[in-house]
Amino acid sequence: MSDDEADVGTSRAEGSSPAHDEPHEGGALGNRLNRLRAAVLGANDGVVSTAGLVVGVAGATDARGTLLTAGLAGLLAGSLSMAAGEYVSVSTQRDSEQAALALERKELVAAPQAELDELTELLEGKGLTAGLAREVAEQLTEHDALRAHAEVELGIDPDELTSPWQAAGASFLAFTAGALLPLLAIVLPPPHIRLPVTVVAVLCALALCGWGSARMGRAGVGRAVLRNAGGGVVAMGVTYGAGSLLGAVGV
């Protein structure tokens, strides 16, 4: 590398704006961020649903065996439900992506010139001049026509199609990880401090989930944390009240 090239590289590194360091929501990075968001939401659901369940049961009884049974049942039911739902949802999305790519392949074979014109118009719509859009469209088509149309026209990366099995597994693990916290918090401590320990542990976990989702979405952290923790408080309060009422009447 020449001295001039080194100076240019140094000046770019020193003069780069903060915007250049921001991750862009697209392609593989966008998919990874979506999976991370799904994991945070899955863990959040595991915390809230299991906490509501075990706190509700604790309102009716303080038997550790009953609490453990209810918590494990809720954990398994919730994690399997999340995994099954995610598998069905992502399978449908993947089928749609594959169908769109198959149609695009046929169109490229049947009407390559029309597809080239379409790609040119799409690039013009993104702000390129007519001449430059045509030149870029021709180069992209020559390099990989299907990929060009998939990314520009469909917003799909052919090498990064969603995997239903990965999504299902991630949802299962995320929900299970979230559900384990309130379950352990309710069964491990002595009976007289179970509820306070569970409430504190759940609120800390929900605050962390709210912080994480806000950071990933570049939203306000304080509001997200309060909203998340507030939802957990309401869920535990309602289920504890219901459990206490049922326990009082001997149900």
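Cut-offs and rules
- Residues numbered from 1 in each chain as written.
- Predicted model: local features only at pLDDT ≥ 70, side-chain atom pairs only at ≥ 80, totals over all residues.
- Heavy atoms only, no water.
- Core = buried A, V, L, I, M, F, W, Y, C linked by side-chain atoms within 4.5 Å.
- Buried < 20%, exposed > 50% of the residue type's maximum accessible area, 1.4 Å probe, protein only.
- Helix = DSSP H or I, 4+ residues; strand = E, 2+ residues; numbered from the N terminus.
- Contact = heavy atoms within 4.5 Å.
- pLDDT = per-residue confidence, 0-100.
- Polar contact = N/O pair within 3.5 Å; in protein donor to acceptor, adjacent residues only side chain to side chain.

K.L.:
Would you explain the nonpolar core in this entry?
P.N.:
Note that soluble globular proteins tend to have their nonpolar side chains buried in a common cluster. Counting residues in each nonpolar core, the largest one holds 18 residues, and the members touching the most others are Val47, Leu67, Ile186, Val187, Val202 and Met236. With 6 residues, helix H2 (residues 27-60) is the largest single contributor of residues to this core. Met236 has contacts with Ala51, Gly52, Val55, Val199 and Val202, leaving out every residue within four places of it along the chain. In this structure, Leu108, Ala145, Leu146 and Ile156 belong to the second largest nonpolar core, which totals 7 residues.

K.L.:
Explain the confidence of the model for the protein here, please?
P.N.:
Of the residues in the protein, 84% reach a pLDDT of 70 or more, and the chain-wide mean stands at 82. Every residue in residues 1-27 scores below 50 in pLDDT, and together they form 9 contacts with partners more than four places removed in sequence or on other chains.

K.L.:
Explain the environment of Gly230 to me, please; I cannot follow it from the model alone.
P.N.:
Along the chain, Gly230 turns up in helix H8 (residues 221-248). For the pair Gly230 and Leu206, spaced 24 residues apart in sequence, the C-alpha to C-alpha distance is 9.0 Å.

K.L.:
Would you mind showing me how to read the side chain of Ser79 here?
P.N.:
On the secondary structure map, Ser79 appears in helix H3 (residues 64-110). A relative accessible area of 0% means that Ser79 is categorised as buried. Reaching out from Ser79, the side chain makes a polar contact with the backbone oxygen of Leu76 at a distance of 3.2 Å. Look past the residues within four positions of Ser79 in its chain and what remains in contact with it is Phe172, Phe175 and Thr176.

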